[in-house]
Amino acid sequence: MNFGNIFSKKSFFSHLLIAFIVTALVLAAAPVSPAFAAVSQPSAWTSQYANAAYPAGAVNSNFTVTAGANRLLVVAIASTRTTVGSQTISVTYGGQPLTLAAGDGASTTTWNHSYLYYLKESGIQAASSTSLDVIISGGASYYNWVYTAVFTNVDQTTPFTSARNYNSGTANTTVGPFSPTLTIATNDQAIEIVNLASSTTGTSARRIRTWATGWTTAGVDQNIVTSGPTARLYIRNRNILTAANDGSQHTANNTATWDSMTAMSIKSAVTNVGDGSNPTDKSVAAGSAGINQCPPGGDAT
């Protein structure tokens, strides 16, 4: 019997086993880096209410939230009074209250107002029905619009990087800017609602003549020109996904314009990125489809 060969084979397999264990430990301890995939919008902006009377309950009793992961339901509201003054608003979905990201209900200097409300994934799942309810009060109503959109791959801890409102009772062609500016991170989806009105009663609705950089892609555009303050609604998504500090200053077509503008920058969810070889964690390999790796201390590339 060749004992030398036996011991040699045992030694080989021992070394092989040790190398395998060491490799597995190294891979398991490999650093996991945060990564960001851009926010998606599986459902377009959809009208839920458009009426001269204030909404006073269900605007859609059978509203279905589009399926997806890490969702954010956004409700955009433009409301105009017949006289200057403030408003009070509540928004719920299936009994779950939506949170105001930004708006100008407390403003008493204009008759036009705008708001952005949101509900995170946990609230969507906790809804006890499919009823979307909006209640607005304050003075006499001139006209109201309620629109919805659903976004996916949204950070559920901090769903937006920033939110801003601009409301001016000064009649001019300047719409905005936000001060401070709207902070937009890489892969965020910034959205904006604009509600324009004439500073004097009439039948000529105001409009945006020139849009600021990043807001030039057409979206929702509605107007009411019955005698009164008139009203024009815009909802747009920012078409540039790079980081920015956006003042969002637009230009109206008439000097006798009052403007209300609200925006939020929806924040993308973070996914842990490793080398993809560790089956015990939830990471994915760097460079996987739809994932942009974020280097330490830097923005996603």
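Refer to the structure printed above.
None of these values were measured; they are calculated from a predicted model.

## Overview of the environment of glycine 228
Part 1 of the reasoning: In this fold, glycine 228 is placed in the loop between β16 (220-224) and β17 (231-237).
Part 2 of the reasoning: A relative accessible area of 8% means that glycine 228 is categorised as buried.
Part 3 of the reasoning: Residues glycine 228 and threonine 82, spaced 146 residues apart in sequence, show a C-alpha to C-alpha distance of 6.9 Å.
Part 4 of the reasoning: When residues no more than four places from it in sequence are discounted, the contact partners of glycine 228 are Tyr142, Thr200, Thr201 and Gly202.

## Thoughts on the side chain of arginine 81
Part 1 of the reasoning: Assignment of secondary structure puts arginine 81 in strand β4 (residues 72-81).
Part 2 of the reasoning: Within the buried core, arginine 81 has no salt-bridge partner, and the shortest N-O distance to an opposite charge, that of aspartate 104, equals 11 Å.
Part 3 of the reasoning: Within the structure, the side chain of arginine 81 is placed 2.9 Å from the backbone oxygen of threonine 83, a separation counted as a polar contact.
Part 4 of the reasoning: In this structure, arginine 81 is in contact with Tyr54, Ser86, Gln87, Trp111, His113, Gly138, Gly139, Ala140, Tyr142 and Pro229, ignoring residues within four places of it in sequence.

## Some details on the sheet that holds strand β12 (residues 174-175)
Part 1 of the reasoning: The strand order β12-β19-β15 describes an open sheet built from 3 strands, whose pairing is antiparallel. Taken across any chain shown, the strands that pair with only one partner, and hence form the sheet edges, are β12 and β15 (208-210).
Part 2 of the reasoning: Here 2 bridges tie β15 to strand β19 (residues 250-252), and the two strands are oriented antiparallel to one another. In the strand pairing of β19, isoleucine 208 is matched with alanine 252.

## Section: the sheet that holds strand β11 (residues 160-168)
Part 1 of the reasoning: Here 5 strands make up an open sheet; going across it, the order is β11-β20-β14-β17-β16 and the pairing antiparallel. Looking at which strands have only one partner, the edges of the open sheet turn out to be β11 and β16. Averaged over all pairs of adjacent strands, the angle between strand axes in this sheet comes to 10°, irrespective of strand direction.
Part 2 of the reasoning: As paired elements, β11 and strand β20 (residues 257-266) share 8 bridges and run antiparallel to each other. Residue pairing in the sheet places phenylalanine 160 in a bridge with isoleucine 266 of β20.

## Digging into the pairing of β16
Part 1 of the reasoning: Relative to β17, β16 runs antiparallel, the two sharing 5 bridges. Within β17, the residue paired with isoleucine 224 across the bridge is alanine 231.
Part 2 of the reasoning: Counting the residues in the hairpin turn of β16 and β17 gives 6 residues, including glycine 228, whose phi is positive at 150°.

## A look at the environment of alanine 185
Part 1 of the reasoning: You can see alanine 185 is positioned in the loop between β13 (182-184) and β14 (189-198).
Part 2 of the reasoning: As for alanine 185 and lysine 267, which are separated by 82 residues in sequence, their C-alpha atoms are 7.3 Å apart.
Part 3 of the reasoning: Setting aside residues up to four positions removed in sequence, alanine 185 forms contacts with Thr161, Leu241, Ala243 and Ser265.

## As for unusual backbone geometry
With glycine set apart, most residues show a phi of negative sign, and most peptide bonds adopt trans.
Part 1 of the reasoning: Look at the link from glycine 176 to proline 177: it is a cis peptide, with omega at 5°.
Part 2 of the reasoning: Along the chain, proline 177 turns up in the loop between β12 and β13.
Part 3 of the reasoning: Here the amide bond leading from serine 179 into proline 180 is cis, since omega sits at 5°, within 30 degrees of zero.
Part 4 of the reasoning: Here proline 180 shows up in the loop between β12 and β13.
Part 5 of the reasoning: Backbone geometry places asparagine 153, a non-glycine residue, at a positive phi of 60°.
Part 6 of the reasoning: Examined against the element boundaries, asparagine 153 turns out to sit in the loop between β10 (141-152) and β11.
Part 7 of the reasoning: By relative accessible area, asparagine 153 is classed as buried at 18%.
Part 8 of the reasoning: Even without being a glycine, serine 248 presents a positive backbone phi close to 55°.
Part 9 of the reasoning: In this structure, serine 248 sits in the loop between β18 (244-246) and β19.

## Observations regarding the nonpolar core
Part 1 of the reasoning: In this structure, Trp45, Val74, Phe151, Met264 and Ile266 are the most contacted members of the largest nonpolar core, which totals 28 residues.
Part 2 of the reasoning: Residue contributions to this core peak at 6 residues, all from β10.
Part 3 of the reasoning: Among the nonpolar cores identified, the runner-up in size contains 21 residues, and Ile77, Val91, Ile124 and Val150 belong to it.

Analysis parameters
- Residues numbered from 1 in each chain as written.
- Predicted model: local features only at pLDDT ≥ 70, side-chain atom pairs only at ≥ 80, totals over all residues.
- Heavy atoms only, no water.
- Helix = DSSP H or I, 4+ residues; strand = E, 2+ residues; numbered from the N terminus.
- Buried < 20%, exposed > 50% of the residue type's maximum accessible area, 1.4 Å probe, protein only.
- Contact = heavy atoms within 4.5 Å.
- Lys, Arg positive; Asp, Glu negative; His and termini not counted.
- Salt bridge = Lys/Arg side-chain N within 4 Å of Asp/Glu carboxyl O.
- Polar contact = N/O pair within 3.5 Å; in protein donor to acceptor, adjacent residues only side chain to side chain.
- Pairing = 2+ DSSP bridges.
- Axes fitted to C-alpha atoms, helices over the stretch in contact; angles between N-to-C directions.
- Core = buried A, V, L, I, M, F, W, Y, C linked by side-chain atoms within 4.5 Å.

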